Amino acid sequence: MHEAAIVESALELILTKAEEHHLTKIRRITAKVGELSGALPEAMQFVFQNASHGTIAEGSDFIIEQVEATASCGSCGISFPIRFYHPVCPSCGGLDNQVLTGYELYIDTMEGD
Amino acid sequence: MSSIKVVTNILKVNDELTQQNKKLMNEKGLYVINLMSSPGSGKTSILEKVIARLKDEVNIAVIEGDLYTTKDAERIEAHGVPVVQINTEGGCHLDGQMIRNALSHLNLDETNLLIIENVGNLICPASFELGEDLIITVLSTTEGNDKPQKYPRMFEKSGIIILNKVDLVPYTNFDKDEFHKDIREINPKAKVLETSCITGQGIDELCAWLKETISISNPV
Ligand SMILES: Nc1nc2c(ncn2[C@@H]2O[C@H](COP(=O)(O)OP(=O)(O)OP(=O)(O)O)[C@@H](O)[C@H]2O)c(=O)[nH]1
Ligand SMILES: [Mg+2]
Ligand SMILES: [Zn+2]
Ligand SMILES: [Zn+2]
């Protein structure tokens, strides 16, 4: 369950940022998590509720936006969603594709007082 | 109420540590391999074979990642090469901090090749870069040929993909053609090699590849 390690890093990042901005209470956090990042949003939620306990992020809304996995075709140039992890171009069948999105794993915004 | 645009990678701390480790390892002229697979695919067995063949020509050191035991480190130590054990105490992957600690226990000036055996796990070790020059992923024939499709990330990032335990193919439903086809789709650039630690198949070829790769990256 490496979501635990990921959320711990996330929380460290959030609390550091909060300190930089002199926040005493965090209300809302948004994170972007790609479909190919290997992190499960539900598991992250669960870990966050526990890990934030006793910090200024306790009780905040932790909003995870999942990012669709997409790739662009090296042969015909179109962009397409990756289905079942298979970056095969649906238009020309090309295999030489560049993954565009899906590996995101970052904190996007936060709000607090 | 204030709104802050953060836009920062969650694994930033690991990335920073890894960059520092990478810098140190580069300065010392190390070639670094991150060896990954599911539990029991044969990482340590392959490593033992490679060390036995190469240790007279290359100065090898090993970092062994394991949840709780020192069993793998003991197997490596028996071959007379320096080894550092990292116990992750339940953690399912190695990260930059652990590598940093391990590096401090090795004599880097006397090492050319550092092999890191990651924790047996086909999923998240792929997300934590360790500053390696090469990723080798091992799949064994008893795991089923659908695993690269189901867990593509590690295979996608690999320079070498090893299909181990090919001696057991007759006793499994492993479809080698499907496996090779899937690998070509997921990572057309990877070198793919079939090995058996029982018959020794593929081990010479693996050692030859490694020697070649190391000398290209680290001309004497
Ligand atoms: N038949 C057969 N057995 C093998 C082969 N390679 C390894 N084994 C056996 O598979 C088992 C696991 O091998 P290890 O080398 O310990 O695997 P590992 O990937 O290091 O395992 P962890 O570190 O626990 O993840 C051992 O019993 C080995 O003897 C092979 O090529 N053929
Ligand atoms: Mg092992
Ligand atoms: Zn993990
Ligand atoms: Zn195309």
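Definitions and cut-offs
- Throughout, a residue's number is its position along its own chain's written sequence, starting from 1.
- Ligands are numbered from 1 and chains lettered from A, in the order in which they are written.
- Predicted model: local features are reported for residues with pLDDT of at least 70 only, side-chain atom pairs are reported and counted for 80 or more only, and whole-chain, interface and lining totals are derived from all residues.
- With hydrogens and water excluded, all non-hydrogen atoms of the structure serve as input to the side-chain values.
- Note on pairing: DSSP must find at least two bridges between two strands before they are called paired.
- Helix and strand assignments come from DSSP, with helices taken as H or I runs of at least 4 residues and strands as E runs of at least 2, each series counted from the N terminus.
- With the strands aimed away from the viewer, a crossover counts as right-handed if its path from the first strand over the helix to the second runs clockwise.
- In this text, near means that some heavy atom of the residue lies within 4 Å of the molecule or strand in question.
- N or O atoms within 3.5 Å of each other form a polar contact, as long as, within protein, one can give a hydrogen and the other can take it, and as long as residues adjacent in sequence are counted only when both atoms are side-chain atoms.
- Gly is put with the polar residues, along with every residue not named as nonpolar or charged; the nonpolar set is Ala, Val, Leu, Ile, Met, Phe, Trp, Tyr, Cys and Pro, and the charged set is Asp, Glu, Lys and Arg.
- UniProt positions are given in the numbering used here, feature names are shortened, and annotations may be inferred rather than shown by experiment.
- Here, two residues are considered to be in contact whenever any of their heavy atoms come within 4.5 Å of each other.
- Per-residue accessibility, obtained with a 1.4 Å probe over protein chains only, is compared with the maximum for each type, and a residue is labelled buried under 20%, exposed over 50%, and partly exposed between these values.
- Orientation is described by lines fitted to C-alpha atoms, with helices fitted over the stretch in contact, and by angles between N-to-C directions that extend from 0 to 180 degrees.
- Roughly parallel means an angle under 35 degrees; roughly antiparallel means over 145; roughly perpendicular covers 65 to 115; every other angle is labelled oblique.
- Here a crossing is taken to be left-handed if its near helix is turned anticlockwise relative to the far helix by less than a right angle, and right-handed if that turn runs clockwise.
- In this description, a nonpolar core means a group of buried Ala, Val, Leu, Ile, Met, Phe, Trp, Tyr and Cys residues linked to one another through side-chain atoms lying within 4.5 Å.

A.B. asks: Mind showing me how you'd approach the pairing of strand β4 (residues 83-87) of chain B here?
C.D. replies: Look at any regular strand and the pattern is simple: side chains alternate between the two faces of the sheet. All names here are of chain B. Sheet topology places strand β3 (residues 60-66) next to β4; 5 bridges connect them, and they run parallel. When the sheet's bridge partners are listed, Gly65 is paired in β4 with Ile86. Of the crossover connections in this fold, the one passing from β3 over helix α3 (residues 71-77) to the parallel β4 is right-handed.

A.B. asks: I keep staring at the pairing of strand β8 (residues 191-194) of chain B and nothing clicks. Help me out?
C.D. replies: Judged from the 4 bridges that link them, strand β7 (residues 160-164) of chain B and β8(B) form a sheet pairing that is parallel. Directly across from Ile161(B), in β8(B), lies its bridge partner Val192(B).

A.B. asks: Help me understand the site of ligand 1 in this model?
C.D. replies: Residues and elements named next belong to chain B. Among the 19 residues in the neighbourhood of ligand 1, the closest are listed as Lys43, Thr44, Ser45, Asp167 and Cys197. Contact between ligand 1 and Ser41: an oxygen atom at 3.3 Å from a main-chain N or O atom of the residue. A distance of 3.0 Å separates an oxygen atom of ligand 1 from a polar atom in the backbone of Gly42. Secondary-structure elements contributing two or more residues to the shell around ligand 1 are α2 (43-54) and α3. Of the residues forming the shell around ligand 1, the biggest block, 3 residues, is contributed by α2. Its residues assigned to classes, the shell around ligand 1 comprises 4 nonpolar, 9 polar and 6 charged.

A.B. asks: I keep staring at the UniProt feature "binding site: Zn(2+)" (unreviewed entry) in chain A and nothing clicks. Help me out?
C.D. replies: All names here are of chain A. In this numbering, the UniProt entry assigns the feature "binding site: Zn(2+)" (unreviewed entry) to Cys73, Cys76, Cys89 and Cys92. Spatially, the listed residues are clustered: although they cover 20 residues, their C-alpha atoms lie within 8.6 Å of one another. Note that Cys73 resides in strand β3 (residues 70-73). In contact with Cys73, other than residues within four places in its own chain, are Ile78, Phe80, Cys89, Cys92, Asp96 and Asn97. Its location among the elements puts Cys89 in the loop between β4 (79-81) and β5 (97-101). Owing to a relative accessible area of 3%, Cys89 belongs among the buried residues under this scheme.

A.B. asks: Help me understand the packing of helix α1 (residues 12-27) of chain B against helix α4 (residues 96-103) of chain B, please; the structure alone is not making it clear to me.
C.D. replies: All names here are of chain B. Closest axis-to-axis distance for the α1/α4 pair is 8 Å, and the angle between their directions is 30°. Considering the angle they form, α1 stands roughly parallel to α4. Helix-helix and strand crossings are classified by hand; for α1 and α4 the assignment is left-handed. Between α1, through Asn14, Leu17, Thr18, Gln20, Asn21, Leu24 and Met25, and α4, the contact on the second element is made entirely by Gly96, Gln97, Ile99, Arg100 and Leu103. Tallied by class, residues from the contact of α1 with α4 come to 5 nonpolar, 6 polar and 1 charged.

A.B. asks: Just to check I follow, could you spell out the nonpolar core for this structure?
C.D. replies: One broad rule of soluble globular proteins: the nonpolar side chains tend to lie buried together. Counting 30 residues, the largest nonpolar core has Ile33(B), Ile60(B), Val62(B), Leu113(B), Ile136(B) and Leu210(B) as its most contacted members. Those elements that place two or more of their residues in this core are β2 (31-37), α2, β3, α3, β5 (113-117), β6 (134-140), β7 and α8 (203-217) of chain B. Setting aside anything within four residues of it in sequence, one finds Val62(B) in contact with Leu47(B), Ile51(B), Ile76(B), Val81(B), Pro82(B), Val83(B), Val84(B), Leu114(B) and Ile115(B). In this structure, Val7(A), Ala39(A), Ile107(A) and Met110(A) belong to the second largest nonpolar core, which totals 27 residues.

A.B. asks: Is there a simple way to think about the sheet that holds β7(B) in this case?
C.D. replies: Remark on secondary structure: sheet strands pair via backbone hydrogen bonds, oriented parallel or antiparallel. Residues and elements named next belong to chain B. Taken in spatial order, the 7 strands line up as β4-β3-β5-β2-β6-β7-β8 in an open sheet, and their pairing is parallel. Across the chains shown, the open sheet's two edge strands, defined by having one partner strand only, are β4 and β8. Taken over all neighbouring pairs, the strand axes of this sheet differ in orientation by 20° on average, direction set aside. Packing against the sheet, helix α7 (residues 176-186) makes contact with β6, β7 and β8, and its axis sits at approximately 160° to β8. This element, α8, spans β2, β5, β6, β7 and β8 of the sheet and lies at about 150° to β8.

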